[in-house]
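Observations on the three-dimensional arrangement
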Amino acid sequence: MKRKLFRDALILLATFGLVWLVLTLVLPERDVEKGWLSEDQEEKLSEFIINIIEQQFKVIDSTEYDEGLDSIVAILHRQMESSKQKEYKVKVLGNSEINAFATLGGRIYFFKGMLEMAERPEEIAAVMAHEMGHIEHDHVIRRLISEFGITVLLGISTGDTLLIKEVIKMLSKSAFSRKQEREADDFALNLLHDSGISPRNLGTLFRKLQEAYDSNIPNVTIISSHPSVEERIKKSFEYDMEDFSEVNHFIPWPGVTYEQEDEESIEVEAIDSEL
Amino acid sequence: MSEYIDMPQPADIPVKEKEDAMGAYLMMFAALGAGLPLPFINVLASIIYYFLHRKRSPFVRFHLIQSLYSQVPLSLLNGVIVAWAIRNFFFNYGFSSLFFGLAIAVAVFNIIYLIFSIIAAVSARNGKMYYFLFFGRLAYEMAFRVREERESYATEEVNRPPV
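Read on for a plain summary of the structure. This structure is a prediction, so every number in the text was calculated from the model and none was measured.

All right, on to the overall build of chain B then. A tally of helices and strands in chain B yields six helices and zero strands. Reading the secondary structure of chain B in the N-to-C direction produces α-α-α-α-α-α. By the burial criterion, 43% of the 163 residues in chain B qualify as buried. When contacts within chain B are restricted to residue pairs at least 6 apart in sequence, long-range pairs at least 24 apart make up 73% of them.

Below, the discussion takes up the environment of I75(A). Mapped onto the fold, I75(A) is located in helix 3 (residues 63-79). Separated by 120 residues in the primary sequence, I75(A) and S195(A) place their C-alpha atoms 6.7 Å from one another.

Attention now moves to the environment of F100(B). Tracing the sequence through the fold places F100(B) in helix 4 (residues 97-125). Along the primary structure F100(B) and A85(B) are separated by 15 residues, whereas in three dimensions their C-alpha atoms are 9.8 Å apart.

All names here are of chain A. Burial of the side chains of strand 2 (residues 100-103) extends over both faces: A100 and A102 are buried on one face and F101 and T103 on the other. Summarising the sheet, strand 2 and strand 3 (residues 107-111) pair through four bridges and their orientation is antiparallel. Following the sheet pairing, T103 is matched in strand 3 by R107.

Once that is clear, we can look at a nonpolar patch on the surface. Residues and elements named next belong to chain B. There is a patch of nonpolar side chains on the surface, built from I104, V108, I111, I112, I115, F116 and I119 and spanning about 550 Å² of accessible area. Structurally, I112 is set in helix 4. Overall, the relative accessible area of 37% leaves I112 in the partly exposed class.

Let us look at the pattern of salt bridges. Residues and elements named next belong to chain B. Using the criterion set out here, one finds 19 salt bridges over all chains in the structure. With its nearest N and O atoms 2.4 Å apart, the salt bridge here joins E3 to R145. Here E3 is found in the segment before helix 1 (15-34), whereas its partner R145 is found in the loop between helix 5 (135-144) and helix 6 (148-155), with 142 residues between them in sequence. According to the relative accessible area criterion, E3 is partly exposed, its value standing at 48%.

The next thing to look at is the sheet that holds strand 1 (residues 89-93) of chain A. Residue and element names in this part refer to chain A. The strand order across the open sheet built from three strands is 1-3-2, with neighbouring strands paired in mixed fashion. Among the strands making up the open sheet, the edge pair consists of strand 1 and strand 2. Neighbour to neighbour, the strand axes of the sheet diverge by 20° on average, direction disregarded. Direction of pairing for strand 1 relative to strand 3: parallel, over a ladder of five bridges. Its bridge partner lying in strand 3, L93 is registered against F111. Against the sheet, helix 2 (residues 39-56) touches strand 1, strand 2 and strand 3, its axis set at about 15° to strand 3. Across the face of the sheet, helix 5 (residues 121-136) comes into contact with strand 1, strand 2 and strand 3 while running at roughly 140° to strand 3.

Turning to the nonpolar core, a few remarks are in order. Counting 71 residues, the largest nonpolar core has L69(A), F110(A), I124(A), M128(A) and M132(A) as the members making the most contacts within it. Tallying contributions element by element places helix 5 of chain A first for this core, with eight residues. Apart from residues no more than four positions distant in its own chain, M128(A) is found in contact with L69(A), I72(A), V73(A), L76(A), V90(A), I108(A) and F110(A). Judged by nonpolar contacts, the second largest core, of 40 residues, contains L23(A), Y50(B), L102(B) and M129(B).

Two descriptors summarise a pair of aromatic rings, namely the distance from one centre to the other and the angle between the planes of the rings. Residue and element names in this part refer to chain B. In this structure the tally under the stated criterion is 21 aromatic pairs over all chains. Residues Y25 and F132 carry aromatic rings whose centres are separated by 6.2 Å and whose planes lie at 65° to one another, so their mutual orientation is edge-to-face. Taken together, the residues Y25 in helix 1 and F132 in the loop between helix 4 and helix 5 connect sequence positions 107 residues apart. A network of ring pairs unites the aromatic residues Y4, F62, Y131, Y140 and F144 as a single cluster.

We now examine a negative patch on the surface. On the surface, a cluster of negative charge is made up of E81(A), D194(A), D240(A), E242(A) and D243(A). Its location among the elements puts E81(A) in the loop between helix 3 and strand 1.

The next point concerns the packing of helix 1 (residues 2-26) of chain A against helix 4 of chain B. It is the contact of helix 1 of chain A with helix 4 of chain B, at a shortest axis distance of 8 Å, that shows an interaxial angle of 135°. Regarding the angle of helix 1 of chain A to helix 4 of chain B, the classification is oblique. The interaxial crossing formed by helix 1 of chain A with helix 4 of chain B has right-handed handedness. Of the residues in helix 4 of chain B, those touching helix 1 of chain A at T15(A), F16(A), V19(A), W20(A), L23(A) and T24(A) are S97(B), L98(B), G101(B), L102(B), I104(B), A105(B), V106(B) and F109(B). Split by residue class, the contact of helix 1 of chain A with helix 4 of chain B holds ten nonpolar, four polar and no charged.

Parameters at a glance
Residues numbered from 1 in each chain as written. Chains lettered and ligands numbered in written order. Predicted model: local features only at pLDDT ≥ 70, side-chain atom pairs only at ≥ 80, totals over all residues. Heavy atoms only, no water. Helix = DSSP H or I, 4+ residues; strand = E, 2+ residues; numbered from the N terminus. Buried < 20%, exposed > 50% of the residue type's maximum accessible area, 1.4 Å probe, protein only. Contact = heavy atoms within 4.5 Å. Pairing = 2+ DSSP bridges. Patch = residues over 30% accessible without salt bridge, like charges linked within 9 Å, V, L, I, M, F, W, Y side chains within 5 Å. Areas by Shrake-Rupley, 256 points an atom, 1.4 Å probe, with all protein chains shown as cover. Salt bridge = Lys/Arg side-chain N within 4 Å of Asp/Glu carboxyl O. Axes fitted to C-alpha atoms, helices over the stretch in contact; angles between N-to-C directions. Core = buried A, V, L, I, M, F, W, Y, C linked by side-chain atoms within 4.5 Å. Phe/Tyr/Trp six-rings, centres within 6.5 Å; stacked < 30°, edge-to-face > 60°. Lys, Arg positive; Asp, Glu negative; His and termini not counted. Charge placed at Lys NZ, Arg CZ, Asp CG, Glu CD. Parallel < 35°, antiparallel > 145°, perpendicular 65-115°, else oblique. Left-handed = near helix turned anticlockwise from the far one by under 90°. Nonpolar A, V, L, I, M, F, W, Y, C, P; charged D, E, K, R; others polar.

Structure (structure tokens):
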């Protein structure tokens, strides 16, 4: 009797284990981080959100910055070996606010106010590297999911204006979590270092932001009250520069002129960024 | 003398006992509806039902034990799924294939279990035995094996005709 009981128990356990195993193997592998959202759904969602953003804010045709921004993207993207994003697209929004934010689908938006404040293209590269960090770490999609839930997000295309407003507000205004900001900063510092742009630029930019907002820092995505700006500036200035060699990228930027004697390398750089 | 109490045949079992035996399975259905998000409510209901009826005949006891014991592992699994889902949802862990595999496997086993419970409930109402895999054998062992105290209870003559 006991032996038969034991046999029955084994049959039950084995059947259950087998069903679990087969189902686990048969089901398509999901991105554990992103949960239920399939690639296709994410693509549709990002298209929709991009449309809304570009309707809401005025995308301006800023020929003076376009070339510079494109070459910054090319310089940084070249150093990202295992980039999740096939391409990054940067657009300028005609708003005087000093802000920049990333959204789905590798889109990064700069407010005109930020570009005018930065003065040097290297500082814009630092902001861009930071925003790329958010995108590479899936911060944007994860925050959208945790804030709104997947069902709500997928229903966004029904045109619920209140929801759309909230999504846009969250993307452009509210800060990421402390951990996520730190991750994006670390990513940016390393990427700048690898690209031959001094990681100190992130610190100097933060310093400028701090001055621009007169230490009364609002919640804009690039800079927020937590983690403390001082801490982030300090990290940028303490970044290990031992094996760093600065590369002069000659990024075309309004108000910035490069000495003419190095014409040859300018040409090389231009060809490089075209490639 | 046999190790086990003689099997009662449908004709020997009073209707009340048949209904009590059927109740052991139906209890779960009632509690399942009430306690769906909390998988242990049906077990709680079955435990209460068990203690109310366990002094009955071996036939009733068999069905009580079979129903109660078979619910325990399934409810534990349901509990695991609920806990895992809560953890994933509130702490941003995401849902892996391993989770979905288990969730579907548990769902399938729940459905199979419900079907077998209905069959067992109908059998019990008709005064028949119905054995689940493993739990049927276990319940038979527990309800029908002759034990010392039960033996004395069975042989002791309490009721006698009028003198």
